[in-house]
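Coordinate inspection notes
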There are 4 protein chains.
Amino acid sequence: MSINSFGHLFRFTTWGESHGPAIGAVVDGCPPGIALGEADIQPWLDKRRPGTSRFTTQRREPDQVRILSGVFEGRTTGTPISLMIENVDQRSKDYSEVALAYRPGHADYSYDAKYGFRDYRGGGRSSARETASRVAAGAVARLVVPQVRIRSWVEAIGGDAIDYAAFDDAAIDANPFFCPDPAAAARWEALVDGARKAGSSLGAVVACEATGVPAGWGAPLYAKLDAELAHACMGINAVKGVEIGDGFAAAALTGEGNADAMRPGTDGPEFLANHAGGITGGIATGQPIRLRVAFKPTSSILIPVETIDRTGQAADIATKGRHDPCVGIRGVPVVEAMMALVLADQALLHRGQTGR
Amino acid sequence: MSINSFGHLFRFTTWGESHGPAIGAVVDGCPPGIALGEADIQPWLDKRRPGTSRFTTQRREPDQVRILSGVFEGRTTGTPISLMIENVDQRSKDYSEVALAYRPGHADYSYDAKYGFRDYRGGGRSSARETASRVAAGAVARLVVPQVRIRSWVEAIGGDAIDYAAFDDAAIDANPFFCPDPAAAARWEALVDGARKAGSSLGAVVACEATGVPAGWGAPLYAKLDAELAHACMGINAVKGVEIGDGFAAAALTGEGNADAMRPGTDGPEFLANHAGGITGGIATGQPIRLRVAFKPTSSILIPVETIDRTGQAADIATKGRHDPCVGIRGVPVVEAMMALVLADQALLHRGQTGR
Amino acid sequence: MSINSFGHLFRFTTWGESHGPAIGAVVDGCPPGIALGEADIQPWLDKRRPGTSRFTTQRREPDQVRILSGVFEGRTTGTPISLMIENVDQRSKDYSEVALAYRPGHADYSYDAKYGFRDYRGGGRSSARETASRVAAGAVARLVVPQVRIRSWVEAIGGDAIDYAAFDDAAIDANPFFCPDPAAAARWEALVDGARKAGSSLGAVVACEATGVPAGWGAPLYAKLDAELAHACMGINAVKGVEIGDGFAAAALTGEGNADAMRPGTDGPEFLANHAGGITGGIATGQPIRLRVAFKPTSSILIPVETIDRTGQAADIATKGRHDPCVGIRGVPVVEAMMALVLADQALLHRGQTGR
Amino acid sequence: MSINSFGHLFRFTTWGESHGPAIGAVVDGCPPGIALGEADIQPWLDKRRPGTSRFTTQRREPDQVRILSGVFEGRTTGTPISLMIENVDQRSKDYSEVALAYRPGHADYSYDAKYGFRDYRGGGRSSARETASRVAAGAVARLVVPQVRIRSWVEAIGGDAIDYAAFDDAAIDANPFFCPDPAAAARWEALVDGARKAGSSLGAVVACEATGVPAGWGAPLYAKLDAELAHACMGINAVKGVEIGDGFAAAALTGEGNADAMRPGTDGPEFLANHAGGITGGIATGQPIRLRVAFKPTSSILIPVETIDRTGQAADIATKGRHDPCVGIRGVPVVEAMMALVLADQALLHRGQTGR
């Protein structure tokens, strides 16, 4: 059992701490013969990169990826692909107070409880910086399932949701919030700026959709496609909830209200609805896979919070450092990466299980 | 990769179809020397058993468990524990229409898409009957973590939620809905009865809490305790959403509003709130573990729904058989079992990882 | 990590003790649509069955297998296949002395050291009886790789080896020793009978060959085909050595003497030798896979041996019970089963990894 | 399933090709709080390093290891330890002929059969260079089981074996062959030199012993300690056979001749022999763990061998490059590393499984 790996046939392992010399991922099980260079990975890292607007952490990391193995003459060889990203902008001195006292809601206390001590610099291994490794691995995964299109967006920040009637695909990349509703994006500017200036932070909901997933991917029972996606997404830093399709809203429906009726279509059935989010019995139906992910507000905030220090004494903590006022925003490329990583794995598994 | 197994050191594998001769589980990795007999398992199966009220399926299954291995002179030996439950009340003839056409929202279509054909009798492997195996395995898991108390209840049916101000622990087992709010239980009688008589079904939300989990259980990053719980619960039939702690509500909060402030306590810190549901950074904080699970309404309903048949032609389907009008109700012992199974595994993993 | 499971995509889990009510296997990951009935499994169990000659244990077990799940209308469905074999001829009273003192060379002492106590009846879980579950699972595996032909034989008993110049394929099943050399079979009758009458036992070497394995199955580095085979075979009771191809003899060769030179052939290369046993770099070359397995002599013998009892006091032990005078003989169908189980898994893995 | 990872709780993943920019390992599951620096790893790499005598390949690699993660203030944190070794002395031009034709006995042909193409420079991923990553990971594993002493030596080269009566522990590191018998070492100088000058190569047998392994480590049935060791060792490049204890010699013994009789000892039983190599029923007895490993002769030789090229045409191949005349010699630190890696994993598993 490896706690820093994910996947079955397409499997990746990440390593590295926020303020160590580098972070990285080893991608194992990538099929041979796929064209792959650093230029295929870098754009996705750039999308996640910190310091690109005042709405994300001001840490400046170029996040340049290097491929150290697994590629020969521009193509994957079937052997493990080692990806490395050097850390450049570490300021460990920012974290002296974190060394001594526990940030409520952060992993500080629980890591100490488990391991007896921790690398406190920037959160160490529990830092959202680790997600850069996932995004790099996810970029490889996308190439394994080129028939799949994945897109993700922020649906709500601090409880202020978009209007789906105003959904504009082109808008998503046109604002610093990955917001498909320009009016909401305008509101969020003031909202996130206000939180940032107040030394506070905000939660967010991220939605993700994958089209082009063939009916049949997935499996009963403990490797259900929805269970794998839930595992993948709940494992992202700050995530506290995952829904497939209608999710909790389905719990308020009747059987007939929740039924995704079918009619004969041109290429397989035509579905009249997608309450199920494209998955029944753990197996894809061929409809778009849809999920929603809840990100809690960043727990590292300037507003002082009551806590204890490592000796158990009462303390107040105000986290200076450089933090995202809304960690959910940069969650968008991470959720996309996890979707890609799960689907690449499912594609190989399905082929192995059934020969199709 | 085994798709019908779950867990790492404490690992179980289930087998069996709704209308085969039997179903069962093999529990591997149970520590030696634990007192175990069929009487330790049977009460939990009885709690899940169908046919005990008019609010569940009328299939009559005694669900008598037999222990076939792994126990000697009343104690576990460390070798695999084979548990078997014979199927008694099968009426395969009920399912002739399911053989021909796909129930929208059910696994019929996706199983055919994956495997090319399926055991259609009562849903075969995709039947909720499989969850009896999990409940039996979960009963063994409970004995591995006797310091943990797990309780679960229905929080809402068809969108009608309990009033937490009226929460009464003793009420949970005093009504057929596992409802802690007697007033809600009374309303649900009419609600579920109405759905049943109309040939419809209803969704439900199940909540679960585990107390006594020591700080430190769990792990970064791809075996986070919350990720494991999400995996476990999203893999239950009909589940479409999982929340840890405040879940989606946390996405609407500020950092200071979501902080679980700490004070010096008598035995470790005293927490002033539990927005995190007892887990930060994937590791238990020592607070109660809290999660919520969304069950969609049963997709097998008498009300006809537009669909296609196996040849791709248009059809209407009305599922006769015997089905739960609200499958979420019997989800309560299943969610409890999955909580126990995850925690037993985590207890062994933590001991292996850290020696504590 | 499951200690009673084996395989990746084609994976089986066994359970059961020598003197419990039953033993069995759950086969997970078998592709759908394969014709499977009990009649496909029984002949292989019959080949391994005890009590068929005076050269094996006199325990009389019919070893009738039942399929409890995973098959519908005579074909596999892709869901787990549960196989059960009831124990019939248990005489636990035979084992009173084993309960008190440790048989040297047997698992008695080490099981107690690990678990604190053990099911001593017939060796409990450490009994060679467990291999019946493997043989049943292996029979399913054979159907997954119908293009592969597996055959196995005894090459030596108690140091007396066959003459390969006299190798006769038809002879293997014509004597109770699975011996391809009729002259050796005649010698072994006296040899094994002598050991049996003396209350002693003998070791044996079993050879196995699989033809029809396509070039490309297998993988670098920690799932090498030879590493998987070594794992599978070293996990059989009483096995102490495994060789692939020339094995230890290759260590005495020169590079040119060990080279399997190649010439253009009609369908891929023609190999001029097979020192490698059909595997290079962990991947099949298309030549026959060849391995040899060393079985130690049965450790349960009538001749008294110096030992200690459970309280640490000096004792002599003479194991009455009913034991194989040469456990390697019945190892033949077990080695074949493990070969089939590994190859079925590799076939699915290769397909998943490469799409071929 | 990850094909480039090994282990369960203590698990490592290796990456890198012979002629890529670097190679490395990610060690996951190392317990927290262990003092670890590069100086703990470097001596073991130096022991395996090429170019230190004329009896190994003349490639000059400093094999300097860097720790990129998982260590804070000189101690392990429980998070993944990333180890990187840069490749310095690559001469890819040496390998032009290997690009075109297949070396008999090498992985060239089978890699092409599996993946369709390969990184031919120096064998790419199939190069023995990968074993440096294992040795680095093994150095970490040693620190997890400080109570265990592991030593390994060469027992025979090209069929010329040591005399165990002349075994001198101190001699092992005093000659370039890890040979415990000075007279044999003297003979091997001429033997290996002769093979090198003739453009040939020689096989070897490596023995390994681990003392201090407590009774109880290991497990039935598919994670037997001997099965894990066989898996680990058969996965080393060029290995074709593995024996535990007496191995194939046990197959020629009688039950009483093979019995490791026991007497009451001062601290647990005193064993009168160790035919079993310290393992019964897959579980350690507390005696020294003993195994032997057969290395075939290096398949890259100067003497021309008949082969085919990538287009299937007849060809002769003489491998120039720089190769070990006896790859088994540098196998000594690799076998030791695999022993350490398996035992570290077993220590954590045993603790998790039993709490001891």
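Residues numbered from 1 in each chain as written. Chains lettered and ligands numbered in written order. Predicted model: local features only at pLDDT ≥ 70, side-chain atom pairs only at ≥ 80, totals over all residues. Heavy atoms only, no water.

If you check an unreviewed UniProt entry, chain A appears there as Chorismate synthase from Sphingomonas liriopis. Chain A has a UniProt comment under Sequence similarities (unreviewed entry) that states "Belongs to the chorismate synthase family." Chain A has a UniProt comment under Subunit (unreviewed entry) that states "Homotetramer." (UniProt positions renumbered as here; feature names shortened; annotations may be inferred.)

**Observations concerning the relation of the copies chain A and chain B**
Aligned on chain B, chain A shows an RMSD of 0.0 Å; the corresponding rotation is 180° and the shift along the axis is 0.0 Å. The relationship between the two copies is best expressed as a two-fold rotation axis. Among all C-alpha atoms of chain A, that of H231(A) lies closest to the rotation axis, at 2.4 Å. Interface overlap between copies: 100% of the residues of chain A at the interface are likewise at the interface in chain B, consistent with a symmetric, same-surface contact. (Least-squares fit on C-alpha atoms with pLDDT ≥ 70 in both. Contact = heavy atoms within 4.5 Å.)

**So, the sheet that holds strand β11 (residues 239–244) of chain A**
Pairing is antiparallel across the open sheet formed by 10 strands, whose spatial order is β9(A)-β8(A)-β10(A)-β16(A)-β11(A)-β11(B)-β16(B)-β10(B)-β8(B)-β9(B). Only two strands of the sheet have a single partner each, and these edge strands are β9 (160–161) of chain A together with β9 (160–161) of chain B. As defined by bridge partners, strand β8 (residues 149–157) of chain B adjoins strand β10 (residues 204–211) of chain B across 8 bridges and the pair is classed as antiparallel. By the bridge assignment for β10(B), S152(B) is matched with C208(B). In the packing of helix α8 (residues 331–354) of chain A onto the sheet, contacts are made with β8 (149–157), β10 (204–211) and β16 (289–295) of chain A, and the angle to β8(A) comes to roughly 145°. (Pairing = 2+ DSSP bridges. Helix = DSSP H or I, 4+ residues; strand = E, 2+ residues; numbered from the N terminus. Axes fitted to C-alpha atoms, helices over the stretch in contact; angles between N-to-C directions.)

**A short note on unusual backbone geometry**
P220(B) connects to L221(B) through a cis peptide bond whose omega is -10°. Mapped onto the fold, L221(B) is located in the loop between β10 and α6 (225–234). The phi angle at D63(C) is positive, at roughly 50°, despite the residue not being glycine. Relative to the helices and strands, D63(C) resides in the loop between α1 (38–48) and β4 (65–67).

**Here we look at the UniProt feature "binding site: NADP(+)" (unreviewed entry) in chain A**
All names here are of chain A. The UniProt feature table records "binding site: NADP(+)" (unreviewed entry) at R48 and R54. One can find R48 in helix α1 (residues 38–48). The contact partners of R48, leaving out residues within four places of it in the chain, are D63, A128, R129, T131, A132, V135, R330, P333 and V334. Within the secondary structure, R54 sits in the loop between α1 and β4 (65–67). Here R54 is in contact with E189, D193 and R196, once residues within four sequence places are set aside. Here the side chain of R54 touches D193 through a polar contact of 3.0 Å, side chain to side chain. (Polar contact = N/O pair within 3.5 Å; in protein donor to acceptor, adjacent residues only side chain to side chain.)

**Here we look at the interface of chain B and chain C**
Listed by partner, the interface residues are 41 residues for chain B and 41 residues for chain C. Here chain B packs against chain C, burying approximately 3400 Å² in sum over the two surfaces, 64% of which is carbon and sulfur. For the chain B face of the interface with chain C, the top three residues by lost area are W15(B), F72(B) and F117(B), together amounting to 20%. Remark: the boundary between chain B and chain C carries 0 salt bridges. (Buried area = accessible area lost by both parts, 1.4 Å probe. Salt bridge = Lys/Arg side-chain N within 4 Å of Asp/Glu carboxyl O.)

**A word on the UniProt feature "binding site: FMN" (unreviewed entry) in chain A**
UniProt's entry tags R125(A), S126(A), S127(A), N237(A), A238(A), G281(A), K296(A), P297(A), T298(A), S299(A), S300(A) and R322(A) with the feature "binding site: FMN" (unreviewed entry), counted in the numbering of this structure. Across 198 residues of sequence, these annotated residues are also dispersed in space, with a maximum C-alpha separation of 43.6 Å. Since its relative accessible area comes to 2%, R125(A) is described here as buried. Excluding residues that lie within four positions of it along the chain, R125(A) makes contacts with N4(A), T14(A), W15(A), G16(A), E17(A), Y111(A), E130(A), L221(B), T79(D) and P80(D). Looking at R125(A), its side chain comes within polar contact range of the side chain of T14(A), at 2.7 Å. Here S300(A) shows up in the loop between β16 and β17 (305–308). Exposure remark for S300(A): the relative accessible area of 6% places this residue in the buried category. Not counting chain neighbours up to four residues away, the residues in contact with S300(A) comprise R103(A), H106(A), T319(A) and H323(A). A polar contact of 2.8 Å, which involves the side chain of S300(A), links it to the side chain of R103(A). (Buried < 20%, exposed > 50% of the residue type's maximum accessible area, 1.4 Å probe, protein only.)

**Observations regarding the relation of the copies chain B and chain C**
When chain B is brought onto chain C, the operation consists of a screw motion whose angular component is 180° and whose axial shift is 0.0 Å, with 0.0 Å RMSD remaining. When the interface residues of chain B are mapped onto chain C, 100% of them again lie at the interface, so the same face is used by both copies.

**Digging into the pattern of salt bridges**
All names here are of chain A. Following the criterion strictly, the structure yields 100 salt bridges over all chains and no others. Here R48 makes a salt bridge to D63, at a shortest N to O gap of 3.5 Å. Remark: D63 occurs in the loop between α1 and β4 and R48 occurs in helix α1; sequence separation between them is 15 residues. Of the two residues examined, R48 and D63, each falls in the buried class.

**Considerations on the packing of aromatic side chains**
Remark: the centre distance and the inter-plane angle together describe each pair of aromatic rings, the angle taken between the planes. Scanning the model with the defined rule gives 48 aromatic pairs over all chains in all. An angle of 50° between the planes, with centres 6.2 Å apart, marks the rings of F6(A) and F12(A) as tilted. Judged by its relative accessible area of 1%, F12(A) is buried. We note R75(B) situated over the ring of F117(C); from NZ or CZ to the ring centre the distance is 3.9 Å. (Phe/Tyr/Trp six-rings, centres within 6.5 Å; stacked < 30°, edge-to-face > 60°. Lys NZ or Arg CZ within 6 Å of the ring centre and 35° of its normal.)

**Concerning helix α4 (residues 131–144) of chain A**
Compared with the 20 Å implied by 1.5 Å per residue over 14 residues, the 20 Å span of α4(A) between its first and last C-alpha is a close match. Buried residues dominate α4(A), accounting for 13 of its 14 residues. (Expected span 1.5 Å × (residues − 1).)

**Focus: the confidence of the model for chain A**
Taken residue by residue, chain A gives an average pLDDT of 93. The fraction at 70 or more is 98%. Both scores are available for the predicted complex, with the pTM at 0.96 and the ipTM at 0.96. (pLDDT = per-residue confidence, 0-100.)

**Quick notes on the interface of chain A and chain B**
Counting residues at the interface gives 103 residues for chain A and 103 residues for chain B. Together, K114(A), Y222(A) and K240(A) form the three largest contributors to the area buried by chain A at its contact with chain B, with a combined 12%. At the boundary of chain A with chain B, the tally comes to 2 salt bridges. Between E306(A) and R263(B) there is a salt bridge, with the nearest N and O atoms lying 2.5 Å from each other.

**Focus: the packing of helix α1 (residues 38–48) of chain D against helix α4 (residues 131–144) of chain D**
All names here are of chain D. Two numbers describe how α1 lies on α4: the axes approach to 9 Å, and their chain directions differ by 140°. Considering their axes alone, α1 and α4 lie oblique with respect to each other. Here α1 and α4 pass one another in a crossing that is right-handed. Seen from α1, the contacting residues are D40, I41, W44, L45 and R48; seen from α4, they are T131, A132, V135, A136, A139, V140, R142 and L143. (Parallel < 35°, antiparallel > 145°, perpendicular 65-115°, else oblique. Left-handed = near helix turned anticlockwise from the far one by under 90°.)

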